[in-house]
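One-letter residues, chain by chain:
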Amino acid sequence: MSATKMEKKLFGTNGVRGIVGKDLTPDMVLAIGQSLGTMRKGRIAVGRDTRTSGEVFVKVIKAGLLASGCDIVDCGILPTPALQYIVKEYFDSGAMITASHNPPEYNGVKIIESDGTEMGDEETIRLEKIFFARSFLTQTWDKIGHEISAPHLLEQYINAITSKFPGKPGEGITVVVDPGSGPACITTPRILTEIGCKVITINGIMDGTFPGRLPEPSPEGLKNLADLVKTSGAAFGVAHDGDADRAVFIDENGQFVEENQEFALIARQICRNKQGIIVTPVSTGQIVEIIVRQENCSIKYTPVGSIYVARTMRTLTEKGESVIFGGEGNGGLIFPEHQFCRDGGMTAAMMVHILKSTGKPLSELIAQLPIRYIIKDKIATKNGIDLLKTVKSSYSKDIIDETDGVKIFKENMWALVRASGTEPIVRFIIDSDTKDKGIRFHKELKSYVEK
Ligand code: MG
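All values reported here derive from a predicted model rather than from experimental measurement. (Residues numbered from 1 in each chain as written. Predicted model: local features only at pLDDT ≥ 70, side-chain atom pairs only at ≥ 80, totals over all residues. Heavy atoms only, no water.)

Digging into the packing of helix H8 (residues 259–273) against helix H11 (residues 344–358)
So, step 1. Contact geometry of H8 with H11 gives a least axis separation of 11 Å together with a crossing angle of 60 degrees. As the angle between them shows, H8 and H11 are arranged oblique. The chirality of how H8 crosses H11 is left-handed. Together, Glu 262, Leu 265, Ile 266, Gln 269 and Ile 270 of H8 and Thr 347, Met 350, Met 351, His 353, Ile 354, Ser 357 and Thr 358 of H11 make up the contact between the two elements.
So, step 2. Broken down by class, the residue content of the contact of H8 with H11 amounts to 6 nonpolar, 5 polar and 1 charged. (Axes fitted to C-alpha atoms, helices over the stretch in contact; angles between N-to-C directions. Helix = DSSP H or I, 4+ residues; strand = E, 2+ residues; numbered from the N terminus. Parallel < 35°, antiparallel > 145°, perpendicular 65-115°, else oblique. Left-handed = near helix turned anticlockwise from the far one by under 90°. Contact = heavy atoms within 4.5 Å. Nonpolar A, V, L, I, M, F, W, Y, C, P; charged D, E, K, R; others polar.)

What follows is the structure in structure tokens.
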């Protein structure tokens, strides 16, 4: 499987997503279920996050799958990585009803393959063809599927993580967990308690109206978590997005840990245990590559999107390469010894392990990392592709990488310019070793673009 991006009509980088009742309707999700059921045979595991619309969409996707002859295993409410783990271990395919970090009015569908990874572009395009042609397989009365319920499988997921951290490394460590009223309410506090931590929760009751904070774990939304970390004397705080495939951290002083720093810190720990390759998209902060090279490991870049990271990791592993870690600079990290998908619960447990094995507070570990300056910006344009060509020709004397968009390398600095696949905008990221250099490069790039 190549890690090259392919154009899709219905599915984005992370499945189908939209505003409920407007972009995402029950008949659409029914048709997605029928399309998946037409392509896949056997037992399909289905789950959802805590969104108020989740119950509707789970019912219709199950109806579509059953009508096309698949058997259903309903896993109830659970994190996306938990469903991915369960599918990998026991089932033929999966469907997760979730809109991840989007606000409460959104919902969506992620399709999971038998190995636990999200469906790749080629298969998704096949599914879209069936969807748009309405060429569903509709079974007769004697071939309709059956449904069983299997909420107990969540235990297998929790055990898979806790068994990787034997000897109660969390003893003496207090952690404040903010699952944001999402499905990690029933996993991350359990995982951390079982590895020995004292756990305090905030936003710890599942609620699809998200009364405490939005599903995106932004520094602004995590103010209550930060306050509670300080007043409780906890070692750190951890928060998840709406389906808990991402984890972000607050240090013991209540400071938000920037996600590329989080990635670099965990990468350093993993590289010190085992040499190998770290896989990440071209958009990830340079800090990760700096740390990985310092530890004599190597880095492999992919297009932007966790699926490209996960599939590249799997493909390299199948070729016999030592792939030790991967992920994105947004707190979505992949531990290949556990599974080839981002896992927020696993990331939280890994942070406990790091504090235990280094014996240092989180703020001190972060302060040891090199400092980088990141500028993010976007401009509205309908001609994103032409604009990228202009940028490329303007910097023809520099080293350019086109894994995804145009990445221009200068001394100790780069800029990534990408056209969005879903909106009429072009995004910029500039990553530099000094602030002034980054600001100058940003200005220069923007002037080319605005011309
Ligand atoms: Mg997510």
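What about the nonpolar core?
So, step 1. Among the nonpolar cores identified, the biggest contains 62 residues, and Leu 192 and Phe 325 are the most heavily contacted of them.
So, step 2. At 8 residues, H11 tops the list of elements feeding residues into this core.
So, step 3. Look past the residues within four positions of Leu 192 in its chain and what remains in contact with it is Val 175, Val 177, Cys 197, Val 199, Val 238, Ala 348, Ala 349 and Val 352.
So, step 4. With 29 residues, the next largest nonpolar core counts Val 29, Val 46, Ile 97 and Leu 127 among its residues. (Core = buried A, V, L, I, M, F, W, Y, C linked by side-chain atoms within 4.5 Å. Buried < 20%, exposed > 50% of the residue type's maximum accessible area, 1.4 Å probe, protein only.)

What to know about the coordination of the magnesium ion
So, step 1. Note on the magnesium ion: its protein donors are Ser 100 (OG), Asp 241 (OD), Asp 243 (OD) and Asp 245 (OD). The metal-donor distances range over 2.0 to 2.1 Å.
So, step 2. Here the donor residues of the magnesium ion share one chain and are spaced in sequence as S-x140-D-x1-D-x1-D. The two residues Asp 241 and Asp 243 agree in class, both being buried. (Donors = N, O, S within 2.8 Å, 3.2 Å for Na, K, Ca; no water.)

Concerning the sheet that holds strand S16 (residues 399–401)
Backbone-to-backbone hydrogen bonds pair the strands of a sheet. The strands run either parallel or antiparallel.
So, step 1. The sheet built from 5 strands is open, its strands ordered S15-S19-S18-S17-S16 with antiparallel pairing. Edge positions in the sheet fall to strand S15 (373–380) and S16, since each has one partner strand and no second. Adjacent strand axes in the sheet meet at a mean angle of 15 degrees when their direction is disregarded.
So, step 2. As judged from the 3 bridges shared by S16 and strand S17 (residues 406–410), these two strands associate in the antiparallel manner. Note on S17: the bridge partner recorded for Asp 401 is Lys 407. (Pairing = 2+ DSSP bridges.)

Quick notes on the domain arrangement of the chain
So, step 1. Once the domains are mapped, the chain shows domain 1 (16–152), domain 2 (156–164 + 171–255), domain 3 (259–367) and domain 4 (373–450).
So, step 2. On a C-alpha basis, the centroid separation for the pair domain 1 and domain 2 is 27 Å.
So, step 3. Contact between domain 1 and domain 2 buries roughly 1700 Å² in total, counting both sides, with carbon and sulfur atoms accounting for 66%.
So, step 4. On the domain 1 side of the contact with domain 2, Thr 50, Pro 79 and His 101 bury the most area, a combined 32% of that side's loss.
So, step 5. The tally of links between domain 1 and domain 2 comes to 2 salt bridges.
So, step 6. Notably, a salt bridge pairs Asp 245 with Lys 110, separated by 3.2 Å at the nearest N-O pair.
So, step 7. For the interface between domain 1 and domain 2, the tally reads 10 residue pairs in polar contact (both at pLDDT 80 or more). (Domains from an automatic or database assignment. Buried area = accessible area lost by both parts, 1.4 Å probe. Salt bridge = Lys/Arg side-chain N within 4 Å of Asp/Glu carboxyl O. Polar contact = N/O pair within 3.5 Å; in protein donor to acceptor, adjacent residues only side chain to side chain.)

Regarding helix H4 (residues 121–133)
So, step 1. Helix length check: H4 (13 residues) gives 18 Å between terminal C-alpha atoms against 18 Å at 1.5 Å per residue, within 8%.
So, step 2. Taken together, the buried positions of H4 are Asp 121, Thr 124, Ile 125, Leu 127, Glu 128, Ile 130 and Phe 131.
So, step 3. On its buried face, H4 is in contact with helix H1 (26–39) and helix H10 (306–318).
So, step 4. Immediately beyond the C-terminal end of H4, within one or two residues, lies Arg 134, with a positive phi of roughly 55 degrees. (Expected span 1.5 Å × (residues − 1).)

Side note on the sheet that holds strand S9 (residues 236–240)
So, step 1. Pairing in this open sheet of 4 strands is mixed, and the strands run S8-S7-S9-S10 from one edge to the other. Looking at the sheet topology across the chains shown, the edges are occupied by strand S8 (198–201) and strand S10 (247–250). Here the average twist between neighbouring strands, direction ignored, is 25 degrees.
So, step 2. Of the strands in this sheet, strand S7 (174–178), S9 and S10 are in contact with H11, which crosses S9 at around 165 degrees.

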